[in-house]
Amino acid sequence: MNAVVTGGAGFIGSHLVDALIARGETVTVIDNLSTGDIRNIAGHIRSGAVRFIQGDLLLDGWQEHVAGASRVYHIAADPDVRASAANPEGVYIRNVTATVRVLEAMREAGCTEIVFTSTSTVYGEADLIPTPEEYPRMEPISIYGGTKLACEAMISAYAHTYGWKSWVFRFANIIGERSNHGVIWDFIHKLRENPSELEILGDGKQTKSYCSVSACIDAVLFTVAHTKAPFTCLNIGSEDWIDVTSIASIVSDEMGLPGVSFHYAGGDRGWVGDIPRMLLSIEKLRSLGWRSEVTSEQAVRDAARALVRTRGDSF
Ligand code: NAD
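All figures in this text were calculated on a predicted structure; none of them were measured in a lab.

Conventions and cut-offs
- Residues numbered from 1 in each chain as written.
- Predicted model: local features only at pLDDT ≥ 70, side-chain atom pairs only at ≥ 80, totals over all residues.
- Heavy atoms only, no water.
- Helix = DSSP H or I, 4+ residues; strand = E, 2+ residues; numbered from the N terminus.
- Rg over C-alpha atoms; globule rule 2.2 N^0.38 Å.
- Buried < 20%, exposed > 50% of the residue type's maximum accessible area, 1.4 Å probe, protein only.
- Contact = heavy atoms within 4.5 Å.
- Areas by Shrake-Rupley, 256 points an atom, 1.4 Å probe, with all protein chains shown as cover.
- Lys, Arg positive; Asp, Glu negative; His and termini not counted.
- Charge placed at Lys NZ, Arg CZ, Asp CG, Glu CD.
- Salt bridge = Lys/Arg side-chain N within 4 Å of Asp/Glu carboxyl O.
- Core = buried A, V, L, I, M, F, W, Y, C linked by side-chain atoms within 4.5 Å.
- Near = heavy atom within 4 Å.
- Polar contact = N/O pair within 3.5 Å; in protein donor to acceptor, adjacent residues only side chain to side chain.
- Nonpolar A, V, L, I, M, F, W, Y, C, P; charged D, E, K, R; others polar.
- Domains from an automatic or database assignment.
- Buried area = accessible area lost by both parts, 1.4 Å probe.

### Topic: the overall build of the protein chain
Then, number 1: When helices and strands are counted, the protein chain shows 9 helices and 14 strands.
Then, number 2: Here the C-alpha radius of gyration of the protein chain, 19 Å, is about what a compact globule of 315 residues would show, namely 20 Å.
Then, number 3: Each of the three principal axes of the protein chain carries a C-alpha extent, and together these read 60 × 45 × 40 Å.
Then, number 4: Residue burial in the protein chain is summarised as follows: out of 315 residues, 52% are buried.
Then, number 5: Summarising the internal contacts of the protein chain: among those between residues at least 6 apart in sequence, 80% fall at separations of at least 24.
Then, number 6: Surface accessibility of the protein chain: about 13,500 Å² in total, with carbon and sulfur atoms responsible for 51%.
Then, number 7: Here the protein chain contributes 28 positive and 38 negative side-chain charges, whose respective centroids are spaced 4 Å apart.

Now the structure itself:
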């Protein structure tokens, strides 16, 4: 297969690239390196396994590289939920406009398969937990979540109008080596600056599901291989959850800082648009035959250990 991966130099995108290369696929990465890091895929570029196009989806010049692709994995986005309230129009353009430009490039090139990375935030503050894909009241409470739901709608519309296959994955929190944002990264960053105190946003009781990036990529590729509807929409996450104070304890422990004192900024959530309780139902994924035994706690510990070890020098 010839795969195009937008955002392939980023955290999740680069792990996807690793998996595609391991399967012997030909991969073209299109990335503007706004939050991605070329080091994440440098080995593949050097070996000739990846063709890297430094391009911005909001500009022209990359579309010709979609020609000949059998599938586009559209991973590129502005993924920062917390910052999305500060510039809603910019986030809309970086997420929705960029996605429609990818869909148009595919239509022009005759490419008929797209995989899209959506998010649990499309559900908003769901009152049904674990939240299934069929949850009826889609009411995003963050600008980021709103833009992702709009992307999902456009992907469904293109797939049905032009006879494509599409896969939309609603991710819980995905964590692991190379991650460049999120609560674990944030705690490590803060503790590098001040190893004795840690400020925790909210009351520390926010409780969510965390999934390792390797399990996430495995579930994505498994689903794509086992489904073929015009529009397949699936949750991916762990089957349990963990609260923020426990994450802070694990990170402190992995950094060898047992005496850290935690201070809470207060309130029931970390920021405007934060969802205090999130657990996705992954029954649909399980019914396809996919299994992972990794708990949220184990995923957090593994991710903290990997980040402390590999990126310590960049903090
Ligand atoms: P990331 O910032 O590491 O990856 C995004 C990549 O897209 C980066 O390499 C960036 O340089 C690139 N990019 C952004 N805008 C671009 C543009 N206009 N043109 C070309 N490249 C561009 O973030 P991530 O955590 O790896 O997220 C990947 C995807 O997964 C995103 O779509 C995000 O919304 C989604 N997602 C992530 C999580 C998570 O927990 N990390 C959860 C749910 C959904």
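Next comes the rest of the description.
### A closer look at the pattern of salt bridges
Then, number 1: Applying the stated criterion to the full structure yields 21 salt bridges.
Then, number 2: Asp18 is the salt-bridge partner of Arg178, the closest N and O atoms lying 2.9 Å from each other. Of the two residues, Arg178 sits in the loop between strand S7 (173-175) and helix H5 (183-193) while Asp18 sits in helix H1 (residues 11-22), which places them 160 residues apart along the sequence.
Then, number 3: When the shortest N-O distance is used, the salt bridge between Lys208 and Asp274 registers 2.5 Å. Remark: Asp274 occurs in the loop between strand S13 (261-264) and strand S14 (277-278) and Lys208 occurs in strand S9 (residues 207-208); sequence separation between them is 66 residues.
Then, number 4: For Asp274, a relative accessible area of 3% puts it in the buried group.

### Observations regarding the nonpolar core
Then, number 1: If you look at the biggest cluster of nonpolar residues, it comprises 35 residues, and the most contacted ones within it are Val5, Tyr73, Phe169 and Ile236.
Then, number 2: Broken down by secondary-structure element, the contributors of at least two residues to this core are strand S1 (2-6), H1, strand S2 (26-31), strand S6 (165-171), helix H6 (213-226) and strand S11 (231-236).
Then, number 3: Here this core takes 8 residues from H6, the largest share from any one element.
Then, number 4: Residues in contact with Val5, not counting those within four places in the same chain, are Gly13, Leu16, Val17, Leu20, Val27, Thr28, Val29, Ile30, Tyr73 and Ile75.
Then, number 5: In terms of nonpolar packing, the next biggest core, distinct from the first, is built from 24 residues, Leu57, Val66, Cys111 and Ala159 among them.

### Concerning the site of the ligand
Then, number 1: Every one of the 29 residues lining the ligand counts as a neighbour, but Asp31, Thr35, Ile75, Tyr144 and Lys148 are closest to it.
Then, number 2: In this structure, an oxygen atom belonging to the ligand sits 2.6 Å away from a side-chain N or O atom of Tyr144.
Then, number 3: Across the complex, the protein chains shield 95% of the 820 Å² of accessible surface that the ligand would expose by itself.
Then, number 4: The greatest single-element share of the shell around the ligand, amounting to 3 residues, is contributed by strand S5 (residues 113-119).
Then, number 5: Of the residues in the shell around the ligand, the class split is 13 nonpolar, 13 polar and 3 charged.

### Side note on the domain arrangement of the protein chain
Then, number 1: Domain boundaries in the protein chain define domain 1 (2-174 + 211-236) and domain 2 (176-208 + 240-278 + 293-314).
Then, number 2: On a C-alpha basis, the centroid separation for the pair domain 1 and domain 2 is 25 Å.
Then, number 3: The partner domain 2 presents 20 residues to the 22 residues of domain 1 that form the contact.
Then, number 4: When the two sides are added together, the surface that domain 1 and domain 2 hide from each other amounts to roughly 1,800 Å², 58% of it contributed by carbon and sulfur.
Then, number 5: Among the residues domain 1 hides against domain 2, the three largest losses belong to Phe11, Arg82 and Ile129. Together they make up 31% of the total.
Then, number 6: The interface formed by domain 1 and domain 2 contains 3 salt bridges.
Then, number 7: Between Arg82 and Asp186 there is a salt bridge, and its shortest N-O distance comes to 3.7 Å.
Then, number 8: At the junction of domain 1 and domain 2, the tally comes to 5 residue pairs in polar contact (both at pLDDT 80 or more).
Then, number 9: Those elements that place two or more of their residues in the side of domain 1 that touches domain 2 are H1 and strand S10 (210-212).

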